[in-house]
Amino acid sequence: MALKLDMSKAYDRIEWSFLEAIMRKLGFAEHWIQLMLTCISTVSYSFVINGTPHGFLHPSRGLHQGDPLSPYLFLFCAEGLTALIAQKEREGFLKGVSICRGAPAISHLFFADDSFLFALANMADCMVLKDILATYERASGQHVNFQKSAVCFSKNVHRGDQLMLAQYLGIPCVDHHSHYLGLPMVLDKKKGASFNHLKERLWKKLQTWKGKLLSGAGKEILIKVVAQAIPIYTMSCFLLPKYVCEDLNKLVAQFWWNSSTENKKIHWMAWDKLCAPKEKGGLGFRNLHAFNLALLAKQGWRLLQNLDSLITRVLKAKYFPNHSFLETAAPYGKWGAEIQLAYGRIGGCHNPIAFGSSLPSLRTVLSQKSDAHSLYPAESAFDTRYVGVAL
């Protein structure tokens, strides 16, 4: 089972004494600990009434959200929950979940206040989890919002058992978790539907700029720095369908040429030509599909370089237990295949790439197959500013 936790007022409830004890347990110098405690304990808050601040109060716990230090200090507190889970694992009371034979067992995934717990779907593990969470709440001041949390089970677990365990935990039972860290956890059959939120975010952002008197240079900066940066986080994990990239390019192109659905205007130059480097007559806009492949290639490079990382061990056990990352056959429909696509398997290029001092450029690899060029209509797709980061 997979338990997604929602911490109520996560930053505001942190007890300073707990944070101090954690930092001391982690081995930080006493001077550094006192410096951090001074930073978080000397703040004061005032109330703004009719535009005028009145009075002030000094908090006795909590971290200020928006402060650059707060996320890091919160991670120290999360180490307390990690230690409790690790202790139960060592004692044999809790077991993680493996996706296949040979894969490492995973009991939890934490990113700041976004928490996932994994355990076997039985009453014993549920009792251990409730004990761990209760201990963590008493020590840290945190409070789990069980009504906003959710738990899902494998299809192999009987529905009656699912409802019984969910009721014991006091957490709603769902068929699957929809999103985690802003990314979809389950893709629809029509893959592009899972990324409609990217088009909506971009459209809303562009609407706030329309109607303003912006120069060409101002539009160029907004497109490069803001508009085309919106899908980067998603593209680093998923291979977007080409038509989704084209839709995003279309929205940006309409903004560039002051065009809209109601007031269509002539686009005097093809978008692919605008994506060419400035020294070649373009404006240096990103070719989103090529940039998507470069980001996935960067993830593939991490798999090759960080062999001891958790993600590498999990994917290797699942997809290529007896081969290297570049030698294995790409599993159809899996995101691992999409990374391999970026690593020279585009257009039927199945020969492994020799990494090292003689590493060929992405342009050289793609040129091995002529039909691979159909993926990149403009030469700007090979702009080293965009693909060089991956290689």
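This one's a predicted model, so the numbers in the text were calculated from it and none came from an experiment.

**Q** Looking at this structure, I do not really get the pattern of salt bridges. What am I missing?
**A** Note on pairing: side chains with opposite charge can pair once their charged atoms come close. Applying the stated criterion to the full structure yields seven salt bridges. Lysine 224 is the partner of glutamate 220 in a salt bridge, and the nearest nitrogen-oxygen pair spans 2.8 Å. With a gap of four residues between them, glutamate 220 and lysine 224 both fall in helix 7 (residues 216-225), about one helical turn apart. On the accessibility criterion, lysine 224 (24% relative accessible area) is partly exposed. Measuring nitrogen to oxygen at the nearest pair gives 2.8 Å for the salt bridge that ties lysine 278 to glutamate 220. Here lysine 278 is found in the loop between helix 10 (271-274) and helix 11 (288-305), whereas its partner glutamate 220 is found in helix 7, with 58 residues between them in sequence. Relative accessible area serves as the criterion here: at 11%, glutamate 220 is assigned to the buried category. Three or more residues are tied together by salt bridges with common partners; here these are Glu20, Arg24 and Glu30.

**Q** What exactly am I supposed to notice about helix 9 (residues 242-256) here?
**A** Each turn of an α-helix holds 3.6 residues, which means side chains three or four residues apart point in the same direction. Taking 1.5 Å as the rise per residue, helix 9 with 15 residues should run 21 Å; its terminal C-alpha atoms sit 21 Å apart, in good agreement. The elements touched by buried residues of helix 9 are helix 6 (196-209), helix 7, helix 10 and helix 11. Taken from the residues just after helix 9, asparagine 258 is the one with a positive phi, measuring 55 degrees.

**Q** Would you explain the packing of aromatic side chains in this entry?
**A** Two descriptors summarise a pair of aromatic rings, namely the distance from one centre to the other and the angle between the planes of the rings. In total, this model carries 12 aromatic pairs according to the counting rule given. The interplanar angle of 70 degrees and the centroid separation of 6.4 Å between the aromatic rings of tryptophan 32 and phenylalanine 76 together place this pair among those described as edge-to-face. A residue pair is termed long-range when its members are at least 10 positions apart, and tryptophan 32 in helix 2 (residues 30-41) and phenylalanine 76 in helix 3 (residues 70-90) qualify at 44 residues. Residue phenylalanine 76 is classed as buried on the basis of its relative accessible area, which comes to 17%. A ring pair is formed by phenylalanine 116 and phenylalanine 118, whose centres lie 5.6 Å apart and whose planes are at 10 degrees; its orientation type is stacked. Overall, phenylalanine 118 belongs to the buried group, its relative accessible area being 17%. One aromatic cluster is present, built from ring pairs that chain together Trp256, Trp257, Trp271 and Phe285. A cation sits over an aromatic face here: lysine 130 above tyrosine 168, 5.1 Å from the ring centre. Across from the ring centre of phenylalanine 291, 4.4 Å away, lies the NZ or CZ of arginine 286, which sits over that ring.

The rules behind each value
- Residues numbered from 1 in each chain as written.
- Predicted model: local features only at pLDDT ≥ 70, side-chain atom pairs only at ≥ 80, totals over all residues.
- Heavy atoms only, no water.
- Salt bridge = Lys/Arg side-chain N within 4 Å of Asp/Glu carboxyl O.
- Helix = DSSP H or I, 4+ residues; strand = E, 2+ residues; numbered from the N terminus.
- Buried < 20%, exposed > 50% of the residue type's maximum accessible area, 1.4 Å probe, protein only.
- Expected span 1.5 Å × (residues − 1).
- Contact = heavy atoms within 4.5 Å.
- Phe/Tyr/Trp six-rings, centres within 6.5 Å; stacked < 30°, edge-to-face > 60°.
- Lys NZ or Arg CZ within 6 Å of the ring centre and 35° of its normal.

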